[in-house]
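Listed below, chain by chain, are the residues.
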Amino acid sequence: DAGITQSPRHKVTETGTPVTLRCHQTENHRYMYWYRQDPGHGLRLIHYSYGVKDTDKGEVSDGYSVSRSKTEDFLLTLESATSSQTSVYFCAISEESGTDTQYFGPGTRLTVL
Amino acid sequence: AQSVAQPEDQVNVAEGNPLTVKCTYSVSGNPYLFWYVQYPNRGLQFLLKYITGDNLVKGSYGFEAEFNKSQTSFHLKKPSALVSDSALYFCAVIPGTGRRALTFGSGTRLQVQP
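A quick note: this is a predicted structure, and the numbers were derived from the prediction, not measured.

> Mind showing me how you'd approach the overall build of chain B here?
Broken down by element type, chain B carries zero helices and twelve strands. In terms of C-alpha radius of gyration, chain B reaches 14 Å, essentially the compact-globule figure of 13 Å for 114 residues. Within the span of chain B, comprising 114 residues, buried residues form 48% of the whole. Total accessible area on chain B is roughly 5200 Å²; 47% of this is exposed by carbon and sulfur atoms. Each charge class in chain B was averaged separately, 10 positive and 7 negative side chains, and the resulting centres sit 10 Å apart.

In structure tokens form, the structure reads like this:
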């Protein structure tokens, strides 16, 4: 398995609270991605990063922000969590974009009450 | 905008029989196509990808997929199913032009009966 860890693995929080999810890689890959997985939707891209301090939005970025201050860490923040953000969140990495394979972390299950 | 369709929510097959999981796509330019598998409470594992060249791509665990440009399809196949193949399978595409990000299908649950 690619060296990707996510923390926490499970979190329950209340509506309106801030939440930060962490993705850590040991592969020194340039690209990192955050996806959410919901039944019937597959995985949808939230944000991605193409280098330290370089990020861009995905198709479902509203309500989420990201930061990447080091190559190995990519943080996803929900500034004020809502019940619609209850989901399983996956981090992925790839050496380059385009044709390079993305490798996924184990996921974080987030429940917003 | 690109899209991926997996028309079957679930596929049931008996162990030892051949299996097919269907995928069709709509993208701009030449597509880059991927299959991933997800076991319960796990992340996605890469199975195989088509970038260019031979239309038949071989991947992990005995799986293969056939790229058909005229039918815009990329069906996943295996000659002989195992019970351990039971999992959720995702087809994904990166378009040949524009933002190079994966777009996933909604997934197909494969159930292999002993």
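> It is not clear to me how the interface of chain A and chain B should be interpreted in this structure. Could you clarify?
Reports often express the size of an interface as the amount of accessible area lost when the parts come together. Of the residues lining the interface, 25 residues belong to chain A; the matching set on chain B comes to 21 residues. Carbon and sulfur atoms supply 55% of the area that chain A and chain B bury against each other, a total of about 1700 Å² over both sides. Summed over the shared surface of chain A and chain B, the number is zero salt bridges. Taken together, the links from chain A to chain B amount to three residue pairs in polar contact (both at pLDDT 80 or more). For the side of chain A that touches chain B, the element with the most residues is strand 5 (residues 42–51) of chain A, which contributes four residues. Residue composition of the side of chain A that touches chain B, by class: eight nonpolar, eleven polar and six charged.

> Just checking my understanding: could you explain the state of the cysteines for this structure?
Working definition: the covalent bond between the sulfur atoms of two cysteines is a disulfide. Residue and element names in this part refer to chain A. Scanning the model with the defined rule gives two disulfides over all chains in all. A sulfur-sulfur separation of 1.9 Å characterises the disulfide bridge that pairs Cys-23 with Cys-91. Disulfide Cys-23-Cys-91: the torsion about the S-S bond is -70°, which places it as left-handed. Placement of Cys-23 in strand 3 (residues 19–25) and of Cys-91 in strand 9 (residues 87–94) is noted, with a sequence separation of 68 residues between them.

> Which parts of the structure should I look at to understand the pairing of strand 7 (residues 64–70) of chain A?
A regular strand places its side chains so that they alternate between the two faces of the sheet. Residues and elements named next belong to chain A. Relative to strand 8 (residues 73–78), strand 7 is paired through five bridges, and the arrangement is antiparallel. When the sheet's bridge partners are listed, Val-66 is paired in strand 8 with Leu-76. Where strand 7 folds back onto strand 8 in an antiparallel hairpin, the turn is made up of two residues.

> Could you clarify how one ought to interpret the layout of surface pockets in this entry?
It is the rolling of a water-molecule-sized probe over the atoms that shows where space remains empty. Within this model, the largest pocket holds a volume of roughly 480 Å³. As for the largest pocket, its lining consists of 23 residues, of which A:Gln37, A:Val88, A:Arg109, B:Gln38 and B:Asn41 are closest to the centre. Only strand 4 (31–38), strand 9 and strand 11 (108–112) of chain A together with strand 10 (87–94) of chain B provide two or more residues apiece to the lining of the largest pocket. A total of three residues in the lining of the largest pocket trace back to one element, the largest contributor, which is strand 9 of chain A. Classifying every residue of the lining of the largest pocket gives eight nonpolar, ten polar and five charged.

> What should I look at first to understand the side chain of A:Gln102 in this one?
Within the secondary structure, A:Gln102 sits in the loop between strand 9 and strand 10 (103–104). You can call A:Gln102 buried: its relative accessible area is 1%. Within polar-contact distance, the side chain of A:Gln102 engages the side chain of A:Tyr35 at 2.7 Å. Non-local contacts of A:Gln102, meaning those with residues more than four positions away in its chain, are made with A:Tyr33, A:Tyr35, A:Ala92, A:Ile93, A:Ser94, B:Tyr36 and B:Leu102.

> Any chance you could explain the sheet that holds strand 7 of chain A here in plain terms?
Either a parallel or an antiparallel arrangement is found when strands of a sheet pair, and the pairing is made through backbone hydrogen bonds. All names here are of chain A. Spatially, four strands are ordered 1-3-8-7 in an open sheet, and the strand pairing comes out antiparallel. With partners counted over all chains shown, the strands left at the sheet margins are strand 1 (4–7) and strand 7, one partner each. Averaged over neighbouring strand pairs, the angle between their axes works out to 20° when direction is ignored. One ladder, built from four bridges, connects strand 1 with strand 3; its direction is antiparallel. Bridge pairing in strand 3 places Thr-5 opposite His-24.

How each quantity is defined
- Residues numbered from 1 in each chain as written.
- Chains lettered and ligands numbered in written order.
- Predicted model: local features only at pLDDT ≥ 70, side-chain atom pairs only at ≥ 80, totals over all residues.
- Heavy atoms only, no water.
- Helix = DSSP H or I, 4+ residues; strand = E, 2+ residues; numbered from the N terminus.
- Rg over C-alpha atoms; globule rule 2.2 N^0.38 Å.
- Buried < 20%, exposed > 50% of the residue type's maximum accessible area, 1.4 Å probe, protein only.
- Areas by Shrake-Rupley, 256 points an atom, 1.4 Å probe, with all protein chains shown as cover.
- Lys, Arg positive; Asp, Glu negative; His and termini not counted.
- Charge placed at Lys NZ, Arg CZ, Asp CG, Glu CD.
- Contact = heavy atoms within 4.5 Å.
- Buried area = accessible area lost by both parts, 1.4 Å probe.
- Salt bridge = Lys/Arg side-chain N within 4 Å of Asp/Glu carboxyl O.
- Polar contact = N/O pair within 3.5 Å; in protein donor to acceptor, adjacent residues only side chain to side chain.
- Nonpolar A, V, L, I, M, F, W, Y, C, P; charged D, E, K, R; others polar.
- Disulfide = S-S within 2.5 Å.
- Pairing = 2+ DSSP bridges.
- 1 Å grid on protein atoms, 1.4 Å probe; cavity = no way out; pocket = protein on both sides within 12 Å on 5 of 7 lines; lining within 4 Å.
- Points joined across faces, edges and corners; volume = space filled by probe spheres on them.
- Axes fitted to C-alpha atoms, helices over the stretch in contact; angles between N-to-C directions.

Honestly, that's just the spatial picture; any functional story needs more than this.
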